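Fold and contact review
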Amino acid sequence: MTQIANCVRTFEVIAKVILILTCLQCLAAAQAVDASKDPDISAIRNRFQQSAGEFAFETSNSGEKLQLLDRPVSNWSNPERKTPAGALFVWTLNGRPEMVMSTYPTDAVGNFEHEFQSLSVNELVGTLNGRLIWEPRGDAILWQQVSDKIPVGKTPSMRLVQMRRIAGLYTASLKFGDQPNKLLRLQTTPLYRFDIEKLPHGVLDGAMFAFVQGTDPEVIMLVEARKSADGEELWFVSFARMTVVTAQVEYQSNVVWEVQWGRTGFNSHYNVFRSAN
């Protein structure tokens, strides 16, 4: 009997080991399947960078070429919209941002959407590998003088603190019909700091901020310090959409900027362009 009992216990142990090994194999297989479904974020971001280099923008009147920054100013994601990866690129002219593009995948086979937004007073011409794709009219943004009397700082570090303070005076939100506004979060670190050495006469400093959903820029904010002809130094702000959704900005509970549901098009300041893999 003792020998039989020992054999039974041995078989029980072997059965448990086999069960555990089978479970581990199933778990490993399931993890492999899940991993195959996950997007390769690094590869997607590399393709974002590659695709950005295929676009070119210049001013329509003088033909001055805008300069693409070497890297995206934001690598973002938006869990609420189930967008695992996106990137925001900036083209500059004379040290200021003139054009921004947000790129993100639209499907699992590698097709992208590119949101264009002009920040320029000039009419622009946009091409993709030499093919004309966008020609937005000028005066894309409207500048507003900051109501708070904040003296412009004498050093870049002082002005950076002031620009963050100014950005914090405003709130931005998205509007979906009769639903309550969806408040966006201000990223207090600028996405881009103007290149002081290249700024045109009268512009002292500036920075570009974003109001985000997740980390996805939905509203762009520019803060700029200027010196007038009579020597007075003042702060100005302007805003631009990076969403097709109705958006607004408030200052002290008053709406100071608002755009309705986006109308995109060849001559629009804001446009959505789709590219195939």
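Residues numbered from 1 in each chain as written. Predicted model: local features only at pLDDT ≥ 70, side-chain atom pairs only at ≥ 80, totals over all residues. Heavy atoms only, no water.

1. Focus: the side chain of Thr243
Operational definition: The helix and strand labels rest on DSSP assignments: H or I over at least four residues marks a helix, E over at least two residues marks a strand, and numbering proceeds from the N terminus. What qualifies as a polar contact is a pair of N or O atoms within 3.5 Å, subject to a donor-acceptor requirement within protein and to the restriction that residues adjacent in sequence count only when both atoms come from side chains. Throughout, a contact is declared for two residues whenever any of their heavy atoms are within 4.5 Å.
Along the polypeptide, Thr243 turns up in the loop between β15 (233-241) and β16 (246-251). Here the side chain of Thr243 touches Val245 through a polar contact of 3.1 Å, landing on its backbone nitrogen. Not counting residues within four places of it along the chain, the set of residues in contact with Thr243 comprises Arg81, Glu115, Leu174, Glu218 and Tyr270.

2. A short note on the environment of Ser102
Mapping Ser102 onto the fold places it in strand β5 (residues 96-105). Note: C-alpha distance between Ser102 and Pro72 (30 residues apart in sequence) is 9.2 Å. With near-sequence residues (within four places) excluded, Ser102 lies in contact with Trp76, Ala87, Leu88, Glu113, His114, Glu115 and Met242. One polar contact links Ser102 to Trp76, side chain to side chain, over a distance of 3.2 Å.

3. Let's talk about the nonpolar core
Rules: Take the buried Ala, Val, Leu, Ile, Met, Phe, Trp, Tyr and Cys residues and link them wherever side-chain atoms come within 4.5 Å; each set so joined is a nonpolar core. To sort residues, take the accessible area from a 1.4 Å probe on protein chains only and compare it with the maximum for the residue type: under 20% means buried, over 50% means exposed, and anything in between is partly exposed.
Within the largest apolar cluster, 27 residues are counted, with the highest numbers of intra-cluster contacts made by Tyr170, Val219, Met221 and Trp235. Counting only elements with at least two residues in this core, the list comes to α3 (156-167), β10 (170-175), β13 (203-213), β14 (216-227), β15, β16 and β17 (254-259). Top contributing element to this core by residue count: β14, with 4 residues. Every residue in contact with Met221, bar those within four places of it in the chain, is listed here: Ile166, Ala167, Tyr170, Ala207, Met208, Phe209, Phe211, Val237, Ser238 and Phe239. With 20 residues, the next largest nonpolar core counts Ile44, Met101, Phe112 and Leu124 among its residues.

4. Side note on the packing of aromatic side chains
Definition in use: Aromatic rings from Phe, Tyr and Trp, taking only the six-membered ring of Trp, are treated as a pair when their centres fall within 6.5 Å; an angle between ring planes under 30 degrees marks them as stacked, one over 60 as edge-to-face, and anything in between as tilted. Here, a charge over a ring means that NZ of Lys or CZ of Arg falls within 6 Å of the ring centre while also lying within 35 degrees of the ring normal.
Taken as a whole and assessed by the stated rule, the structure comprises 14 aromatic pairs. Plain terms: the ring middles of Phe116 and Trp134 are 5.1 Å apart, the flat faces sit at 40° to each other, and that makes the pair tilted. Of the two residues, Phe116 sits in strand β6 (residues 112-118) while Trp134 sits in strand β8 (residues 131-134), which places them 18 residues apart along the sequence. On the accessibility criterion, Phe116 (0% relative accessible area) is buried. Looking at Trp134, the relative accessible area reads 0%, which means it is buried. Ring centres of Phe116 and Phe273 lie 6.1 Å apart, and the angle between their planes is 15°; on these two criteria the pair is classed as stacked. Of this pair, Phe116 sits in strand β6 while Phe273 sits in strand β18 (residues 270-275); the two residues are 157 residues apart in sequence, bridging distant segments of the chain. Looking at Phe273, the relative accessible area reads 13%, which means it is buried. The ring centre of Trp143 lies 4.7 Å from the NZ or CZ of Arg226, which sits over that ring. Positioned above the aromatic ring of Tyr270, the side-chain terminus of Arg241 is 5.4 Å from the ring centre.

5. Here we look at helix α2 (residues 41-52)
The periodicity of an α-helix, 3.6 residues per turn, causes residues three or four positions apart to be oriented the same way. Note the following rule: Expected span, for any helix, means 1.5 Å times one less than how many residues it has. This arc is taken over the directions from the axis of the helix to the C-beta atoms.
Between its first and last C-alpha atoms α2 spans 17 Å; for 12 residues at 1.5 Å apiece the expected length is 16 Å, and the two agree. Of the residues making up α2, those classed as buried are Ile44, Phe48, Ser51 and Ala52. The arc enclosing the buried residues of α2, seen along the axis, measures out at 100°, which places them on a common side. Looking at α2, the residues exposed on the side facing more than 90 degrees away from the buried face are Asn46 and Gln50. Contact partners of the buried residues in α2: β1 (55-59), β2 (67-68), β4 (83-93), β5 and β6.

6. Details of the pairing of β16
Let me state the cut-off plainly: Paired strands, as defined in this entry, are two strands with at least two bridges between them according to DSSP.
The buried fraction of β16 is high, at 5 of 6 residues. Sheet topology note: the β10/β16 ladder contains 6 bridges and is antiparallel. When the sheet's bridge partners are listed, Lys175 is paired in β16 with Thr246. Two elements, β16 and β17, share 5 bridges in a ladder whose sense is antiparallel. For Val249, the partnering residue across the bridge sits in β17 and is Trp257. Counting the residues between successive antiparallel strands, the hairpin from β16 to β17 contains 2 residues, one of them, Gln252, with a positive phi of roughly 50°.

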